[in-house]
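Chain by chain, the residues:
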Amino acid sequence: MIKSIGILLISAAMLWIEVPPLLEKKHKKELLVFSILLVIGVGLSITLFGFDKPIPNPFDFLTFIFKPLNDVISLLLK
């Protein structure tokens, strides 16, 4: 729980530093991208460090999808 609060405090500090200049310069798209990436990063960080849950590897999902396809192609080429 303490780790989660720490992550949220650090992300709040990042918002406090980065958002005002973006608003002054009227960089709406950059602010949107920054916000989305910050939310994703904070969510993954809290999941990994705060709740001690493992984050799945994207490569495992790709292997799950393409392994049967690879097997079929290798059988057809033999």
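This write-up is about the structure you can find in this document. Remember, predicted model here, so these are calculated numbers, not experimental data.

### Details of the overall build of the protein
Consideration 1: Tallying secondary structure elements over the protein gives 3 helices and 0 strands in all.
Consideration 2: Sequence-ordered secondary structure for the protein, helices as α and strands as β, is α-α-α.
Consideration 3: For 78 residues, the compact-globule estimate of 2.2 N^0.38 gives 12 Å, and the protein exceeds it by more than 25% at 20 Å.
Consideration 4: Projected onto its principal axes, the C-alpha positions of the protein cover 65 × 35 × 10 Å.
Consideration 5: Within the span of the protein, comprising 78 residues, buried residues form 14% of the whole.
Consideration 6: Within the structure as shown, the protein displays about 6800 Å² of accessible surface, and the carbon and sulfur contribution to it stands at 77%.
Consideration 7: The average position of the 8 basic charges and that of the 6 acidic charges among the side chains of the protein differ by 4 Å.

### Considering the environment of Lys-78
Consideration 1: Structurally, Lys-78 is set in the segment after helix 3 (58-77).
Consideration 2: On the accessibility criterion, Lys-78 (82% relative accessible area) is exposed.
Consideration 3: Taking the C-alpha atoms as reference points, Lys-78 and Lys-67, 11 residues apart in sequence, are found 17 Å from one another.

### Topic: the pattern of salt bridges
When the charged atoms of two side chains with opposite charge come close together, those side chains can pair.
Consideration 1: What the rule picks out here adds up to 1 salt bridge.
Consideration 2: One salt bridge connects Lys-67 with Asp-71, and the closest N-O pair in it is separated by 3.1 Å. Within this pair, Lys-67 and its partner Asp-71 are both found in helix 3, separated by 4 residues, close to a single helical turn.
Consideration 3: Asp-71 gets classed as partly exposed once you look at its relative accessible area, which sits at 32%.

### What to know about the side chain of Ser-11
Consideration 1: Within the secondary structure layout, Ser-11 lies in helix 1 (residues 2-24).
Consideration 2: For Ser-11, a relative accessible area of 9% puts it in the buried group.
Consideration 3: Look past the residues within four positions of Ser-11 in its chain and what remains in contact with it is Leu-38 and Val-42.

### Re the nonpolar core
Consideration 1: Ranked by size, the top nonpolar core spans 8 residues in total: Ile-7, Val-19, Leu-22, Leu-31, Phe-34, Leu-38, Val-42 and Ile-46.
Consideration 2: At the level of elements, helix 1 and helix 2 (28-50) are the ones that each hand at least two residues to this core.
Consideration 3: In terms of residues, this core owes the most to one element, helix 2, which gives 5 residues.
Consideration 4: Ignoring any residue separated from it by four or fewer positions in sequence, one finds Ile-7 in contact with Val-42, Ser-45, Ile-46 and Phe-49.

The rules behind these values
Residues numbered from 1 in each chain as written. Predicted model: local features only at pLDDT ≥ 70, side-chain atom pairs only at ≥ 80, totals over all residues. Heavy atoms only, no water. Helix = DSSP H or I, 4+ residues; strand = E, 2+ residues; numbered from the N terminus. Rg over C-alpha atoms; globule rule 2.2 N^0.38 Å. Buried < 20%, exposed > 50% of the residue type's maximum accessible area, 1.4 Å probe, protein only. Areas by Shrake-Rupley, 256 points an atom, 1.4 Å probe, with all protein chains shown as cover. Lys, Arg positive; Asp, Glu negative; His and termini not counted. Charge placed at Lys NZ, Arg CZ, Asp CG, Glu CD. Salt bridge = Lys/Arg side-chain N within 4 Å of Asp/Glu carboxyl O. Contact = heavy atoms within 4.5 Å. Core = buried A, V, L, I, M, F, W, Y, C linked by side-chain atoms within 4.5 Å.

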